[in-house]
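Descriptive structure summary
The primary structure of each chain is shown beneath.
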Amino acid sequence: GGWITDPWSWPWIFYINIPVGLLALVLAFLFVEDPAYLERPAGRTDFSSLLFVAVGLGSLEIFLNRGERNDWFESPFIQAAAAAAALFLALFVWRSLTAENPLVDLRILKDRSFASGTALMFLAGFGMYGAFVLLPLFVQNLLGYTPTWAGLILSPGGAATMASMALAARLVGRVDTRLLVAAGFSCMAYSCWLLAGSTLEAGVPHFTEAWIYHGLGLGFFFVPIGVTAVRNIPPEKMGAATGLFNLMRNEGGSVGIAVSTTLLAQRGQFHHHVLAQHVAPTSPLVQEGMQATGGVLAPLSGLSPASLPDLAAGLLSAGVQRQAHALSFLDVFAFLGAVFVLGLFLVPLLGSDRSQGGGTPSGRSPGLH
């Protein structure tokens, strides 16, 4: 993605998926068949539920993605989007619980393992996508890395995910999946803890190490949670369960990105205010630093001596802004780490499935879907 962005432009990281998606569509049409236990529900499709969830989720996405740039509830547009999301999602829940053949049967949330697994998936999406957005911004905006180098930092994490997923697949059924899920959340929390200790002098090895732990955690989490959460779901409801399960991951990501970017802006303002209080023009240290900076700038050709104080003040202001921005990133990384720690408290609610050999009641693993 970084390499594509540098010579072409960022939209191409989306365009490049078009031929892959078309190929997947053709292969699915040719080779994928519905199992016998999946039958079309009797009666008409519940178009009311479809309308409610489409408008509700669409409004929620607008609210989350446009809220920060429109100053949240100070904007009538964002207020309308939030109201529409709340109203139509409430109608969707009501319809799903009362319709004879609902579009999505929310009654499956009565199962404790599925409900807790869905909540864990939301938290995982929250922290995962939040960190995934922030780390490239940190190294590019504050350290001057190119998108290619930002991608190189993230790439070992992907390799770690593949390795840990393969290991987790072998361990499911032999080890209590709650331990695997807890290991995944612990690795991701530790990754955020390492990132929260970053400095502006940190190099590629530091960020790569932190992201490898993040990748390991993803692999240990996704495979066991996909098996454990749906182990009690009847086969005929598996489609609705996995759809809802993955929806919560995506919605968790949307909320995580929105909250992370909002906190980033707010904490940046806070740190800038605090740091600026210690950089008063009357401070002897500030005056000494500005004089030293002016002395460095003086030999440069083309600079007027009268402009040196303004240039030194501008550099000082930029330095304060950079430090404040860096501190805000560290605060959000710490917050995301706390989200993963919170997930550890939900892991025991999954219950043990070691005796079931890691499979679903029908002997099928739902995979990642």
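Refer to the structure printed above.
Residues numbered from 1 in each chain as written. Predicted model: local features only at pLDDT ≥ 70, side-chain atom pairs only at ≥ 80, totals over all residues. Heavy atoms only, no water.

Examining a nonpolar patch on the surface
Note the cut-off: In this scheme, patches are assembled from residues that exceed 30% relative accessible area and form no salt bridge. Like charges are connected within 9 Å, while nonpolar side chains (Val, Leu, Ile, Met, Phe, Trp, Tyr) are connected within 5 Å. Note on areas: Shrake-Rupley with a 1.4 Å probe; residue coverage comes only from the protein chains shown. Any Lys or Arg side-chain nitrogen located within 4 Å of an Asp or Glu carboxyl oxygen qualifies as a salt bridge. Here a strand is any run of E in DSSP of at least two residues, a helix any run of H or I of at least four, and the numbering for each starts at the N terminus.
The grouping of W3, W8, W10, W12, I13, F14, Y15, I18, L22 and L25 at the surface amounts to a nonpolar patch, some 1200 Å² of accessible area in total. The element that contributes the greatest number of residues to the nonpolar patch is helix 2 (residues 12-15), accounting for four residues.

Structural notes on the side chain of S96
As a reminder of what qualifies: Residues count as neighbours in contact if any of their non-hydrogen atoms are within 4.5 Å of one another.
Mapping S96 onto the fold places it in helix 5 (residues 76-98). Excluding its chain neighbours within four sequence positions, the residues that come into contact with S96 are S49, P102, V104, L106 and R107.

Comments concerning the environment of I62
As a reminder of what qualifies: Working definition: with a 1.4 Å probe on protein chains only, accessible area under 20% of the residue-type maximum means buried, over 50% means exposed, and in between means partly exposed.
When you line up the elements, I62 lands in helix 4 (residues 47-66). For I62, a relative accessible area of 38% corresponds to the partly exposed category.

Regarding the packing of helix 6 (residues 112-141) against helix 8 (residues 177-196)
Keep this limit in mind: Interaxial angle, 0 to 180 degrees, is taken between N-to-C directions of lines fitted to C-alpha atoms, where a helix line uses only the stretch in contact. Should an angle fall under 35 degrees it is called roughly parallel, over 145 degrees roughly antiparallel, and 65 to 115 degrees roughly perpendicular, with every other angle called oblique. In a left-handed crossing the near helix is turned counterclockwise from the far helix by less than a right angle, and in a right-handed crossing that turn is clockwise. Gly counts as polar in this scheme, as do all residues outside two lists: the nonpolar Ala, Val, Leu, Ile, Met, Phe, Trp, Tyr, Cys and Pro, and the charged Asp, Glu, Lys and Arg.
Two elements in contact, helix 6 and helix 8, have axes separated by 12 Å at closest approach and are oriented at 30°. What the angle tells us is that helix 6 and helix 8 run roughly parallel. Once helix 6 is placed against helix 8, the crossing between them reads as left-handed. Here helix 6 contributes L120, L123, A124 and L135 to the contact with helix 8, which in turn contributes V181, F185 and L195. Taken together, the residues of the contact of helix 6 with helix 8 sort by class into seven nonpolar, no polar and no charged.

Here's the deal with the nonpolar core
Filter applied, for reference: The nonpolar core is taken to be a set of buried Ala, Val, Leu, Ile, Met, Phe, Trp, Tyr and Cys residues, with the residues joined through side-chain atoms within 4.5 Å.
Grouped together as the largest cluster of nonpolar side chains are 69 residues, with contacts concentrated most on L135, F138, V139, F207 and F221. Those elements that provide at least two residues to this core are helix 4, helix 5, helix 6, helix 7 (147-171), helix 8, helix 9 (204-228), helix 10 (238-277) and helix 12 (308-344). Among the elements that take part in this core, helix 6 stands out by supplying 12 residues, more than any other. Formed by six residues, the second largest nonpolar core is a distinct cluster that contains A168, F220, V223 and V227.

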